[in-house]
Amino acid sequence: MDILTGVILVIHMIGWAIVLGGALTTMREPRIAKGVTHGAVTALVAGILLVGLAEMGDGDVNNVKIAVKLVVALVITAMAIYGSKNQDKVTTGYLGGLAGLTVLNIAVAVLWR
Ligand code: HEM
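Residues numbered from 1 in each chain as written. Predicted model: local features only at pLDDT ≥ 70, side-chain atom pairs only at ≥ 80, totals over all residues. Heavy atoms only, no water.

As annotated in an unreviewed UniProt entry, the protein is Integral membrane protein from Georgenia yuyongxinii.

Next comes the structure, spelled out in structure tokens:
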């Protein structure tokens, strides 16, 4: 793995960690913390860059896996943006959905080989 890919992968994972941590820590007083939306958008962009770098290099990309991750990530990002603009709609269940989808994508990323 070259250094650029490594740095972007670190950013990718920190971004999703912010989304997961942010969703879990606000469960008692449900709201979308500011960092959650930033984390989701940053991680999404980093993920797309990772695919581009893999396509440019000799890394082979599992397109079905990436498509599944992309759809789930787009739902997460949309939920974060919608929730941050409509904080009154954010419930514990909403945050649970956000956290659950993030965990699902972590499992897809790591277990789908
Ligand atoms: C909630 C959404 C997501 C989570 C939690 C997530 C999590 C992760 C994790 C934990 C890894 C490291 C896995 C490993 O290297 O063993 C990873 C790698 C990667 N992710 Fe994501 N990711 C998400 C969304 C995306 C999206 C939307 C894309 C691209 C459109 C993407 C593209 C990649 C790529 C290319 C890698 C490099 C390794 C591989 O091919 O699996 N990810 N992701």
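So that's the structure; there's more coming.
### Observations regarding the overall build of the protein
A count of helical and extended segments in the protein gives four helices and zero strands. When its helices and strands are written in sequence order, the protein yields α-α-α-α. The C-alpha radius of gyration computed for the protein amounts to 14 Å, which stays within 12% of the reference 13 Å derived for 113 residues, consistent with globular compactness. Dimensions of the protein along its principal axes, counting C-alpha atoms only, are 45 × 25 × 20 Å. When each of the 113 residues of the protein is scored for burial, the buried share is 35%. Counting every atom, the protein has about 6800 Å² of accessible surface; 71% of that belongs to carbon and sulfur. In the protein, the 8 positive side-chain charges and the 6 negative ones have mean positions that sit 13 Å from each other. (Helix = DSSP H or I, 4+ residues; strand = E, 2+ residues; numbered from the N terminus. Rg over C-alpha atoms; globule rule 2.2 N^0.38 Å. Buried < 20%, exposed > 50% of the residue type's maximum accessible area, 1.4 Å probe, protein only. Areas by Shrake-Rupley, 256 points an atom, 1.4 Å probe, with all protein chains shown as cover. Lys, Arg positive; Asp, Glu negative; His and termini not counted. Charge placed at Lys NZ, Arg CZ, Asp CG, Glu CD.)

### Topic: the site of the ligand
Contacts to the ligand come from 20 residues, most closely from His12, Trp16, Lys69, Asn105 and Arg113. In the model, a nitrogen atom of the ligand is placed 3.3 Å from a nitrogen or oxygen of the tryptophan 16 side chain. Within the side chain of lysine 65, one N or O atom sits 3.0 Å away from an oxygen atom of the ligand. Secondary-structure elements contributing two or more residues to the shell around the ligand are α1 (3–25), α2 (34–56), α3 (63–85) and α4 (92–111). No other element matches α3, which puts six residues into the shell around the ligand. Of the residues that constitute the shell around the ligand, the class distribution is 13 nonpolar, four polar and three charged. (Near = heavy atom within 4 Å. Polar contact = N/O pair within 3.5 Å; in protein donor to acceptor, adjacent residues only side chain to side chain. Nonpolar A, V, L, I, M, F, W, Y, C, P; charged D, E, K, R; others polar.)

### Things to note about the coordination of the iron atom of the ligand
All of the protein donors around the iron atom of the ligand are His12 (NE2) and Lys69 (NZ); their distances to the metal are 2.0 Å. Given six donor atoms and angles of 81 to 178° at the metal, the environment of the iron atom of the ligand is assigned as octahedral. A residue pair is termed long-range when its members are at least 10 positions apart, and histidine 12 in helix α1 and lysine 69 in helix α3 qualify at 57 residues. Of the two residues examined, histidine 12 and lysine 69, each falls in the buried class. (Donors = N, O, S within 2.8 Å, 3.2 Å for Na, K, Ca; no water. Tetrahedral: all angles 85-135°; square planar, octahedral: opposite > 155°, others 65-115°.)

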